[in-house]
Amino acid sequence: MTATMTDTPPPAAPKADTDARSGRSVGQILMIVAGALLLVAAVRVITGSNQLTSEGQVSAALGLAVPIGLAGLAGLWSERSGVVNIGLEGMMILGTFGAGWIGWQSNPWLGLLCGVGFGVLGGLVHAVATITFGVDHIVSGVAVNLLALGITQYLAKIFFSEGKPAEAGGNPKQSPPVDSLPDISVPGLSSGLQSVENHHWFLVSDIAGILGGLVTNLSVVTLFAVLLFVGSWWLLWRTSFGLRLRSCGENPIAAESLGVNVYKYKYAAVAVSGGLAGLGGAFLALVTSHTYLEGQTGGRGYIGLAAMIFGNWRPGGLAMGAGLFGYSDALQLRNGGETVHALLLLLVVLLAGLAGWKLYRKAHWQGGTCLIVAALVLAWYLFTDEVPSDFVGATPYVVTLLVLSLSAQRLRMPKADGMRYRKGQGK
């Protein structure tokens, strides 16, 4: 009887989430992408900031977006099962340490696996606290962050500061260098696209620069991350396993009444969440810097959560959010105030368009506010030549706050997300 109940689909509550048109169609997404590309190309031509769509800019943006995207995907797995995971930052920290430690002692592939394993351990700590003992999810996540930071600092002093590690370049705040993981470039295509990009033609060169960044010096971990996004979408939205897991985040009592082992699915989701966050940390240690560095996550776990919320708890929107944050981060790191200054014009157009939409929807107060802000940003653009360095460094965080504030009205989190669950509580 139990097996029969387990094979029965969960109740209508989670299925409504599947059937609801909360996500955009493929045609709508393509129109948004095409519109954004045309807008960026126009801004590039008007401002002369050719770095906006250059191969180097796109390649750097992709490298910065991967750890954010993996952190966001980790949060999606956890929260779709009903467990809020504020501890992503700590799990990423564990992943950076595990990858740097084992990667230096053996090889980067084992380091990558160890980074995932350390993240899984952090996820299991969070799962035991929240699922088994019913600790508040936010409190447990903050505790995981603090615990991971303290443990890695302590272990780094033990393993990297004396003897051979110190001779190889290690110290209490970093590991010795780790060998690189392989990169992939498409022969012939990369050089051809770069040649087209150098002509600076409207739209054509922009497309060439973007495609060139996607096929030149691409890390194998980046390709693996893309497969994880596609696989997560298929597993969570196209299989009975995913339906049961999402039912735990929507209505765990109803799911339990139909034979779903809610504890098991929550534990599996949070363990996967920790592994994905650990993989994001391993990417930072093995691909970005080739060494473990104290504090190298830089709050990417929190930005990953913001990307997940921006994406409305769905992989496609999450990937777009991670790409946006990675792009803005790459701009301020590679090009400084002059290129970020060009983005002000792009922001003016977006705010003006948003104001028109709000006024059309009779939201006069919000539309008027957007128009005022657009006018102020336009004045800033016209009367300055570059953005101050202090603001340039804050660009990714400003973008994070901006997109969250603009997308907050369409969000729908899982209904039971963050709620304490006990087996049999519906009886």
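This text follows the structure it describes.
Quantities reported herein were computed from a predicted structural model and do not represent experimental measurements.

## Quick notes on the pattern of salt bridges
Consideration 1: Per the counting criterion, the structure on display carries 4 salt bridges.
Consideration 2: A salt bridge links Lys173 to Glu294; the nearest nitrogen and oxygen atoms lie 3.4 Å apart. Taken together, the residues span a long stretch of sequence, with Lys173 in the loop between helix 8 (164–167) and strand 1 (183–184) and Glu294 in the loop between helix 14 (262–288) and helix 15 (300–310) at a distance of 121 residues.
Consideration 3: We note a salt bridge from Glu250 to Arg412, for which the minimum N-O separation is 2.9 Å. You can see Glu250 sitting in helix 12 (residues 240–250) and its partner Arg412 sitting in the segment after helix 20 (395–407), a full 162 residues away along the chain.
Consideration 4: Note on Arg412: relative accessible area 29%, which makes it partly exposed.

## A closer look at helix 11 (residues 220–238)
Consideration 1: With 19 residues, helix 11 extends 26 Å from end C-alpha to end C-alpha; this agrees with the ideal 27 Å at 1.5 Å per step.
Consideration 2: Among the residues of helix 11, those classed as buried are Val220, Val221, Thr222, Ala225, Leu228, Phe229, Ser232, Leu236 and Trp237.
Consideration 3: Looking at where helix 11 begins, the residue whose side-chain oxygen comes 3.2 Å from the main-chain nitrogen of Val221 is Ser219.

## Concerning the packing of aromatic side chains
Consideration 1: One pass over the structure, following the stated rule, counts 11 aromatic pairs.
Consideration 2: Plain terms: the ring middles of Phe97 and Tyr292 are 5.5 Å apart, the flat faces sit at 85 degrees to each other, and that makes the pair edge-to-face. Here Phe97, found in helix 5 (residues 88–105), pairs with Tyr292, found in the loop between helix 14 and helix 15; they are 195 residues apart in sequence, far enough to count as distant.
Consideration 3: By relative accessible area, Phe97 is classed as buried at 1%.
Consideration 4: Grouped by ring-pair contacts, the aromatic residues Phe97, Trp101, Trp104, Phe118, Phe159, Phe160 and Tyr292 constitute a single cluster.

## As for helix 3 (residues 26–47)
Consideration 1: Between its terminal C-alpha atoms helix 3 stretches 32 Å, which fits the 32 Å expected from 22 residues at 1.5 Å a residue.
Consideration 2: Every buried residue belonging to helix 3 is among Val40, Ala41, Val43 and Arg44, and all of these are buried. With its buried residues spanning 160 degrees around the axis, helix 3 presents them on a single face. Facing away from the buried side of helix 3 by more than 90 degrees, the exposed set consists of Met31 and Ile46.
Consideration 3: Two residues or fewer after helix 3 comes Gly48, characterised by a positive phi angle close to 75 degrees.

Reading guide: rules and limits
- Residues numbered from 1 in each chain as written.
- Predicted model: local features only at pLDDT ≥ 70, side-chain atom pairs only at ≥ 80, totals over all residues.
- Heavy atoms only, no water.
- Salt bridge = Lys/Arg side-chain N within 4 Å of Asp/Glu carboxyl O.
- Helix = DSSP H or I, 4+ residues; strand = E, 2+ residues; numbered from the N terminus.
- Buried < 20%, exposed > 50% of the residue type's maximum accessible area, 1.4 Å probe, protein only.
- Expected span 1.5 Å × (residues − 1).
- Polar contact = N/O pair within 3.5 Å; in protein donor to acceptor, adjacent residues only side chain to side chain.
- Phe/Tyr/Trp six-rings, centres within 6.5 Å; stacked < 30°, edge-to-face > 60°.
- Arc of directions from axis to C-beta.

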